[in-house]
Amino acid sequence: MTSLITSRARHVAVIGLGAAGLVAVRELRREGHTVIGFEREKHVGGLWVYTDRVEPDSLSVDPDRTIVHSSVYQSLRTNLPRECMGYSDFPFVTRSGEGDPRRYPDHREVLMYLQDFAKEFKIEEMIRFDTEVLCVEPTPENNRNWSVQFKSSSGVSGEEIFDAVVVCNGHFTEPRLAHIPGIESWPGKQIHSHNYRIPDLFKDQVVIVIGSQASGNDISKDIATIAKEVHISSKAVASDSYGCYDNLRIHPTIYRAREDGSVVFRNGKVVFADAIVHCTGYKYHFPFLKNNGYVTVEDNRVGPLYKHVFPPAFAPGISFIGLPFMGLQFFMFEIQSKWVASVLSGRVKLPTEDKMMEEAIAFYTKLEDLGIPKRYTHFLTDPRGNPMLGTFKPEDAVVISQSDYFNWIAKQCRCTYIERWRERLYNVAIKKIFFGGDSYRDQWDDDQFIEEVYGEFAKLKSNQDCSS
Ligand code: FAD
């Protein structure tokens, strides 16, 4: 492993060891920093560590509930081809003779990939497992140092001072719920997708699934294999239509729920349902940033942040990896981590606090002018390639194109831009999600292109072998 010994090696805490935290630890160490990773669970992998356990409160609204981190359901397969999902120098390729060789593999395969990454770069030696970070705050005597207070599952607590904190706690654990008039007195069962694992609970029932994005789509089909009827409530449709199964119907949004167990959709259709599954997304949540004056979460906007990473007033002492959602997540975690690591070492400079704040405000103003709600602030994908964003105009790409964002960061920290093949593969994959039908994960006709991609992986490997 290459390690740059810099004149400004920092002592850095990384909170959370999912896909974001793992690569953050690696990049920080490569830049010469000393790193301690805090992980609440017993393993690396975050979201991809599947568990049968769910939270006792099926809507996860009780703030004092015991948190189950993962939101992965048993049947989950990736929604992107593995080749574009991996980190830039550690391709997510088929493992010889074991695991799931499919291009859209199951969740176990992603976890194995992350475990392999941790092993390859000896990351576990820098992690304190079973240790939850409870509080992060600037030290009173010196606004530029950070106190991290933590507690292990055995009850041992402590505090340590760091030069910087990198927040990688994920944002798919704290459910967001749709407001449905009358729901308080609706008698059926309700769960959020965070607590969905298998369809068995819904055998022979009439189920309403709210939301038609990735999880809503998967979960409704999963449940349709066993339920009497599944009714999807989707923002994307104006009138009702049949889905790909005989017992699955798609409706517009819900108008209201009633005491007699019925649910009325906006087109006037009425369904008597046994259960509602809320696939309505998640909220950013940083319970350990107590009484802080540096970042707030407002309608799911974490701000103010410079380029989704640094709060201007406290940069670079605290930074956030992985806030933008949709798109090439692992690649983004890597490039953001390189930026944070190089800024902390002083190799790359940030603008002044005022300039960063000006930029953040200009960005928010632009979103507002375009009529984009705050909750889409971190929606990072290219509208030119994403039909779901049909209401956004192509010129908006300047605000939210993921490749522009990655390449802007790459330029700052003088690292490699997003590969053309990765960009191309992603753009095809995202269209397949929307137009590729039910079997989009198993049908493709790009063998020649994939051969080229594997050729790139082979070149990468031979370069790595030469330089080691
Ligand atoms: P996480 O994986 O959530 O990791 C955060 C870690 O922080 C956890 O290990 C947690 O235990 C730890 N933690 C949290 N709080 C504390 C604390 N206070 N103290 C200590 N530790 C703490 N992306 C794709 O690229 N492809 C896909 O196919 C795909 N499918 C998805 C399917 C679902 C259902 C969901 C919800 C997301 C999917 N994603 C997918 C996006 C996914 O979020 C990212 O791929 C990525 O794994 C998120 O990594 P992360 O490190 O940001 O967060």
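Keep in mind that this is a model prediction, so the values were computed, not measured.

Calculation notes
Residues numbered from 1 in each chain as written. Predicted model: local features only at pLDDT ≥ 70, side-chain atom pairs only at ≥ 80, totals over all residues. Heavy atoms only, no water. Near = heavy atom within 4 Å. Polar contact = N/O pair within 3.5 Å; in protein donor to acceptor, adjacent residues only side chain to side chain. Helix = DSSP H or I, 4+ residues; strand = E, 2+ residues; numbered from the N terminus. Nonpolar A, V, L, I, M, F, W, Y, C, P; charged D, E, K, R; others polar. Axes fitted to C-alpha atoms, helices over the stretch in contact; angles between N-to-C directions. Left-handed = near helix turned anticlockwise from the far one by under 90°. Contact = heavy atoms within 4.5 Å. Buried < 20%, exposed > 50% of the residue type's maximum accessible area, 1.4 Å probe, protein only. Pairing = 2+ DSSP bridges. Patch = residues over 30% accessible without salt bridge, like charges linked within 9 Å, V, L, I, M, F, W, Y side chains within 5 Å. Areas by Shrake-Rupley, 256 points an atom, 1.4 Å probe, with all protein chains shown as cover. Salt bridge = Lys/Arg side-chain N within 4 Å of Asp/Glu carboxyl O. Lys, Arg positive; Asp, Glu negative; His and termini not counted. Charge placed at Lys NZ, Arg CZ, Asp CG, Glu CD. Parallel < 35°, antiparallel > 145°, perpendicular 65-115°, else oblique.

Caption draft 1: Focus on the site of the ligand. Surrounding the ligand, one finds 30 residues, the nearest of these being Glu39, Leu47, Trp48, His69 and Phe172. A distance of 2.6 Å separates an oxygen atom of the ligand from a polar atom in the side chain of Glu39. Interatomic distance of 2.7 Å between a side-chain N/O atom of His69 and an oxygen atom of the ligand. Counting only elements with at least two residues in the shell around the ligand, the list comes to α1 (19–30), β4 (131–139) and α5 (329–345). The residue inventory of the shell around the ligand, partitioned by class, reads 14 nonpolar, 12 polar and four charged.

Caption draft 2: Structural context of the packing of α1 against α5. As a packed pair, α1 and α5 sit with axes 8 Å apart at the nearest point and diverge in direction by 35°. The crossing of α1 and α5 is right-handed. Here Ala19, Ala20, Val23, Ala24, Arg26, Glu27, Leu28 and Arg30 of α1 lie close against α5, whose contacting residues are Phe330, Phe333, Glu334, Ser337, Lys338, Ala341 and Leu344.

Caption draft 3: Spotlight on the environment of Ala13. Looking at the element boundaries, Ala13 is found in strand β1 (residues 11–15). The exposure class assigned to Ala13 is buried, which follows from its relative accessible area of 0%. Each C-alpha atom, one on Ala13 and one on Phe38, is 7.3 Å from the other, the two residues being 25 residues apart in sequence. Not counting residues within four places of it along the chain, the set of residues in contact with Ala13 comprises Ile36, Phe38, Val148, Phe162, Ala164, Val165 and Val166.

Caption draft 4: Structural detail: the sheet that holds strand β3 (residues 127–128). The strand order across the open sheet formed by five strands is β3-β2-β1-β7-β21, and the pairing between neighbours is parallel. Two strands close off the open sheet at either side, each with one partner strand: β3 and β21 (318–320). Note: β1 against strand β2 (residues 34–38), five bridges, orientation parallel. The residue bridging Val12 from the neighbouring strand is Val35, located in β2.

Caption draft 5: Region of interest: a negative patch on the surface. The grouping of Asp445, Asp447, Glu451 and Glu452 at the surface amounts to a negative patch. Looking at the secondary structure, you find Glu452 in helix α10 (residues 447–467). Here Glu452 falls in the partly exposed class, since its relative accessible area comes to 45%.

Caption draft 6: Representation of the packing of α1 against helix α3 (residues 107–120) in the model. Here α1 crosses α3 at 15°, and the two axes come no closer than 11 Å. Judged by the angle between their axes, α1 and α3 are roughly parallel. Here α1 and α3 pass one another in a crossing that is left-handed. Facing α1, whose interface residues are Ala19, Leu22, Val23 and Arg26, α3 presents Leu114, Phe117 and Ala118.

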